[in-house]
Amino acid sequence: MVRHWLLAGLLALAGCAGGGLSGIPQEPGAAHPALQALAQRADGGDKQAQLALGILYEQGRFVREDLDRAENLYERAAKPSGGTIYVYQPPVGKGAGQVVPVNMGPRVEGLAEAARRLERLKKRRKLCVECI
């Protein structure tokens, strides 16, 4: 399923790397609109978009190869997000501190494919360092 979506996306994309969390500039005309849309989705937490953009960076397709960005995107896509988190609120004055539940939106599990690619990329990078 990811491969079909990714293949369609790859055929439609062209552009260059730039600024922002995903590395794709959002100024009009700075990159292909499809690439900008993918980057916006990735920056917004869409795990499928993070995975797809990570693959592009790892392979150097439509963007300059950037293994650091690929690794970061894979980590974000592989990590679960949302759900309830608990935040410590320190005491105010002489009162007691407390733990407050914070709803971070719907729980979204991490992508297994992103975890596999992350592990493979880390092994590849480790081997490259050992060869030097």
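From a predicted model like this one, the values you see are computed outputs, not experimental measurements.

Caption draft 1: Structural view of helix H2 (residues 33-43). Listed as buried for H2 are Leu35, Gln36, Leu38, Ala39 and Ala42. Buried residues of H2 fall within an arc of 160 degrees about the axis and therefore sit on the same side. Looking one or two places after H2, you find Gly45, whose phi comes out positive at around 105 degrees.

Caption draft 2: Examining the confidence of the model for the chain more closely. In this model, the chain carries an average pLDDT of 85, and 82% of its residues clear a pLDDT of 70 or more. Taking the mean pLDDT of every element in the chain, the minimum, 40, falls on helix H1 (residues 2-12) and the maximum, 97, on helix H3 (residues 47-59). Under a pLDDT of 50 for its full length, residues 1-18 has, in the predicted model, 44 contacts with residues more than four places off or in other chains.

Caption draft 3: Here's a closer look at the nonpolar core. Ranked by internal contacts, the top residues of the largest apolar core, which has 23 residues, are Ile24, Leu35, Leu51, Leu53, Tyr57 and Tyr74. Put simply, the parts of the chain that give this core at least two residues each are H2, H3, helix H4 (67-78) and helix H5 (112-131). Element by element, the count of residues in this core is highest for H3, at seven residues. With residues up to four places along the chain from it excluded, the contact list for Tyr74 reads Leu51, Gly54, Ile55, Glu58, Ala114, Arg117, Leu118 and Leu121.

Caption draft 4: Spotlight on the environment of Ala114. Turning to its location among the elements, Ala114 is positioned in helix H5. In the structure, Ala114 is positioned 62 residues away from Ala52 in sequence and 9.2 Å away in space, judged by C-alpha atoms. Setting aside residues no more than four positions away along its own chain, Ala114 makes contact with Leu51, Tyr74, Ala77 and Ala78.

Caption draft 5: The arrangement of the packing of H2 against H3 in detail. The geometry of H2 relative to H3 is characterised by a closest axis approach of 8 Å and an angle of 125 degrees between their N-to-C directions. Taken as axis vectors, H2 and H3 run oblique relative to one another. For H2 against H3, the interelement crossing comes out left-handed. Counted together, Leu35, Leu38, Ala39, Arg41 and Ala42 of H2 and Ala49, Gln50, Ala52, Leu53 and Leu56 of H3 form the full contact between these two elements. Partitioned by chemical class, the residues of the contact of H2 with H3 number eight nonpolar, one polar and one charged.

Caption draft 6: Spatial organisation of a nonpolar patch on the surface. A contiguous nonpolar surface patch, about 250 Å² in accessible area, is contributed by Ile85, Val87 and Met104. With respect to the secondary-structure elements, Val87 resides in strand S1 (residues 84-89). Given the relative accessible area of 38%, Val87 is considered partly exposed.

Caption draft 7: Up close: the environment of Gln98. Note that Gln98 resides in strand S2 (residues 98-103). Note on Gln98: relative accessible area 44%, which makes it partly exposed. As a C-alpha pair, Gln98 and Tyr88 span ten residues in sequence and 5.8 Å in three-dimensional space. Among all residues touching Gln98, those that are not within four sequence positions of it are Val87, Tyr88 and Gln89.

Definitions and cut-offs
Residues numbered from 1 in each chain as written. Predicted model: local features only at pLDDT ≥ 70, side-chain atom pairs only at ≥ 80, totals over all residues. Heavy atoms only, no water. Buried < 20%, exposed > 50% of the residue type's maximum accessible area, 1.4 Å probe, protein only. Helix = DSSP H or I, 4+ residues; strand = E, 2+ residues; numbered from the N terminus. Arc of directions from axis to C-beta. pLDDT = per-residue confidence, 0-100. Contact = heavy atoms within 4.5 Å. Core = buried A, V, L, I, M, F, W, Y, C linked by side-chain atoms within 4.5 Å. Axes fitted to C-alpha atoms, helices over the stretch in contact; angles between N-to-C directions. Parallel < 35°, antiparallel > 145°, perpendicular 65-115°, else oblique. Left-handed = near helix turned anticlockwise from the far one by under 90°. Nonpolar A, V, L, I, M, F, W, Y, C, P; charged D, E, K, R; others polar. Patch = residues over 30% accessible without salt bridge, like charges linked within 9 Å, V, L, I, M, F, W, Y side chains within 5 Å. Areas by Shrake-Rupley, 256 points an atom, 1.4 Å probe, with all protein chains shown as cover. Salt bridge = Lys/Arg side-chain N within 4 Å of Asp/Glu carboxyl O.

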